[in-house]
Amino acid sequence: MDLTLIVVVAAIVAVASLLGGLSGFGYGLVAAPSLLAVGVPMPTIVLLNLGLGIITRGVALARLRRHVTRRATLLVAGSLPGYSVGALLLGRIDTEVLKVATGAIVIVLALVSLAMRKPAYQPAKGSFFFAGAAGGLLGATTSLNGVVPALVMTQARPPSREFIADLAAFFVGSSIFGLVAVLVGGISAPHGWLLLAISVPGSVAGNLIGTCAGTRLPAHVFRTIALFVVICAGVAAILA
């Protein structure tokens, strides 16, 4: 593999991890389209992002474990069937169509949520399960696993520490299962393990910095940043 590409991938991962730590979920949304743009195959991106999700969000989860709520359990439980289906579909469906559709939907939902001063509804328990399932499906096929769970979490409007802690638990639990599902499915991810090993130091450092900053933001500022990241991710998914 070309050394320049390795350096570029490590830099993209570090920057995306910084934003992911700050917003609680934005890593894959920034990393996936950026890595695609420099020529990394989608199966390799999925493997890389799942591995880094386990490591970096595991660090955040260890720091914020006291703030994890039952929402995280429902998100993880929902992600299991989602990743199972997604692993079977990876390589068999047109991911470009799926990304465009996902991007358009999340942009509309994020704009509606951003315009509301008060939530239109308080998400029921089942909403988090289905959000986890959608996240698992999108995580295995497009690496956009955080979009739908983040939208449901912003609707619930928890404190920033709970937001980051619950999504960290979701990413760790679902990514472990997702990685197993992808590997069992026999997906070929060229140079995936090499890129993962090289990207870990910058990813962990960026994530720690972002998480420390994100947990100190006022709730309304944090929510606005989170929704802005969702909107940008939706645009990136459409344009990628």
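Since the structure is predicted, the reported quantities are computational estimates derived from the model, not experimental observations.

1. With respect to the overall build of the protein
Item 1. Secondary structure assignment for the protein yields ten helices and zero strands.
Item 2. Going residue by residue from the N terminus, the α and β elements of the protein occur as α-α-α-α-α-α-α-α-α-α.
Item 3. By residue count, 50% of the 240 residues in the protein fall in the buried class.
Item 4. In the protein, 87% of the contacts between residues at least 6 apart in sequence involve partners at least 24 apart.
Item 5. If you sum the accessible surface of the protein, you get close to 10,100 Å²; carbon and sulfur atoms cover 73% of it.
Item 6. Taking the average place of the 15 positive charges on the side chains of the protein and the average place of its 5 negative ones, the gap between the two points comes to 17 Å.

2. Brief notes about the environment of Ser 17
Item 1. Mapped onto the elements, Ser 17 comes out in helix α1 (residues 3–23).
Item 2. Each C-alpha atom of the pair Ser 17 and Val 221 lies 20 Å from the other, and the pair is 204 residues apart in sequence.
Item 3. Residues within four places of Ser 17 in sequence aside, it is in contact with Tyr 27, Ser 203, Gly 206 and Asn 207.
Item 4. Polar side-chain contacts of Ser 17 include one of 2.7 Å to the side chain of Ser 203.

3. Here's the deal with the confidence of the model for the protein
Item 1. Mean pLDDT over the protein works out to 82, with 91% of the residues at or above the 70 mark.
Item 2. The weakest mean pLDDT in the protein belongs to helix α5 (residues 95–115) at 71; the strongest belongs to helix α9 (residues 192–214) at 89.

4. Section: the packing of aromatic side chains
Item 1. All told, the structure shown has two aromatic pairs when counted by the stated rule.
Item 2. A centroid spacing of 5.7 Å and a plane angle of 85° characterise the contact between Phe 129 and Phe 130, whose relative ring orientation is edge-to-face.
Item 3. Owing to a relative accessible area of 30%, Phe 129 belongs among the partly exposed residues under this scheme.
Item 4. Ring geometry for Phe 170 and Phe 171: centres 5.3 Å apart, planes at 55°, overall tilted.
Item 5. On the basis of relative accessibility, which here comes to 0%, the residue Phe 170 falls in the buried class.

5. Brief notes about the side chain of Ser 174
Item 1. When you line up the elements, Ser 174 lands in helix α8 (residues 160–184).
Item 2. On the basis of relative accessibility, which here comes to 0%, the residue Ser 174 falls in the buried class.
Item 3. If sequence neighbours within four positions are ignored, Ser 174 has contacts with Val 76, Ser 79 and Tyr 83.

6. Structural notes on helix α3 (residues 42–64)
Item 1. An ideal rise of 1.5 Å per residue puts 33 Å on 23 residues; α3 measures up with 31 Å between its terminal C-alpha atoms.
Item 2. Of all the bends in α3, the largest measures some 25° and sits at Gly 58.

7. Digging into the side chain of Arg 71
Item 1. Following the sequence through the fold, Arg 71 ends up in helix α4 (residues 70–89).
Item 2. Assessed through its relative accessible area of 18%, Arg 71 is described here as buried.
Item 3. A polar atom in the side chain of Arg 71 sits 2.8 Å from the side chain of Glu 162.
Item 4. Look past the residues within four positions of Arg 71 in its chain and what remains in contact with it is Phe 128, Met 153, Pro 158, Glu 162 and Asp 166.

8. Side note on the nonpolar core
Item 1. Residues Phe 25, Phe 163 and Leu 167 are the most contacted members of the largest nonpolar core, which totals 29 residues.
Item 2. Among the elements of the structure, α4, α5, α6 (125–142), α7 (147–156), α8 and α10 (219–239) are those that each provide at least two residues to this core.
Item 3. Among the elements that take part in this core, α10 stands out by supplying seven residues, more than any other.
Item 4. Beyond its immediate chain neighbours, meaning those up to four positions away, Leu 167 contacts Gly 24, Phe 25, Leu 75, Pro 149, Ala 150 and Met 153.

9. What to know about the pattern of salt bridges
Item 1. Overall, the coordinates contain two salt bridges when judged by the stated rule.
Item 2. Measuring nitrogen to oxygen at the nearest pair gives 2.8 Å for the salt bridge that ties Arg 71 to Glu 162. One end of the pair, Arg 71, is in helix α4; the other, Glu 162, is in helix α8, with 91 residues separating them in the sequence.
Item 3. Relative accessible area serves as the criterion here: at 25%, Glu 162 is assigned to the partly exposed category.
Item 4. The partner of Arg 71 in a salt bridge is Asp 166, and the shortest N-O contact between them spans 3.0 Å. In this pair, Arg 71 sits in helix α4 while Asp 166 sits in helix α8, placing the two residues 95 residues apart along the sequence.
Item 5. Residue classification places Asp 166 among the buried residues on the basis of a relative accessible area of 0%.

Conventions we followed
What you see as residue numbers is a count from 1 along each chain, following the sequence as written. Owing to the predicted nature of the model, reporting of local features is limited to residues with pLDDT of at least 70; listing and counting of side-chain atom pairs is limited to 80 or more, with chain, interface and lining totals taken over all residues. Side-chain metrics rest on all non-hydrogen atoms present in the structure, leaving aside hydrogens and water. Strands are runs of DSSP state E lasting at least 2 residues, helices are runs of H or I lasting at least 4, and numbering of each runs from the N terminus. Note on classification: 1.4 Å probe, protein chains only; a residue is buried when its accessible area is under 20% of the maximum for its type, exposed when over 50%, partly exposed between these limits. Whether two residues are in contact is decided by their heavy atoms: any pair within 4.5 Å suffices. Reported accessibility uses the Shrake-Rupley method at a 1.4 Å probe radius. Residues are deemed covered only where the shown protein chains occlude them. His is not counted, nor are the chain ends, whereas Lys and Arg count as positive and Asp and Glu as negative. Just so you know, the charge point we use is NZ for Lys, CZ for Arg, CG for Asp and CD for Glu. Polar contacts, as used here, are pairs of N or O atoms within 3.5 Å; protein pairs need one atom able to donate a hydrogen and one able to accept it. Residues neighboring in sequence count only if both atoms are side-chain atoms. Every residue is assigned a pLDDT by the predictor, reflecting its confidence on a scale from 0 to 100. Pairing of aromatic rings covers Phe, Tyr and Trp, the last through its six-membered ring, and needs centres within 6.5 Å; plane angles under 30 degrees mean stacked, over 60 mean edge-to-face, and all others mean tilted. Expected helix span is given by 1.5 Å per residue-to-residue step, counting one fewer step than there are residues. To get the bend at a given residue, fit one axis to the seven residues ending there, fit another to the seven starting there, and take the angle between those axes. Nonpolar core, defined: a set of buried Ala, Val, Leu, Ile, Met, Phe, Trp, Tyr and Cys residues in which side-chain atoms within 4.5 Å join the residues together. Counted as salt bridges are all cases of a side-chain nitrogen of Lys or Arg within 4 Å of a carboxyl oxygen of Asp or Glu.

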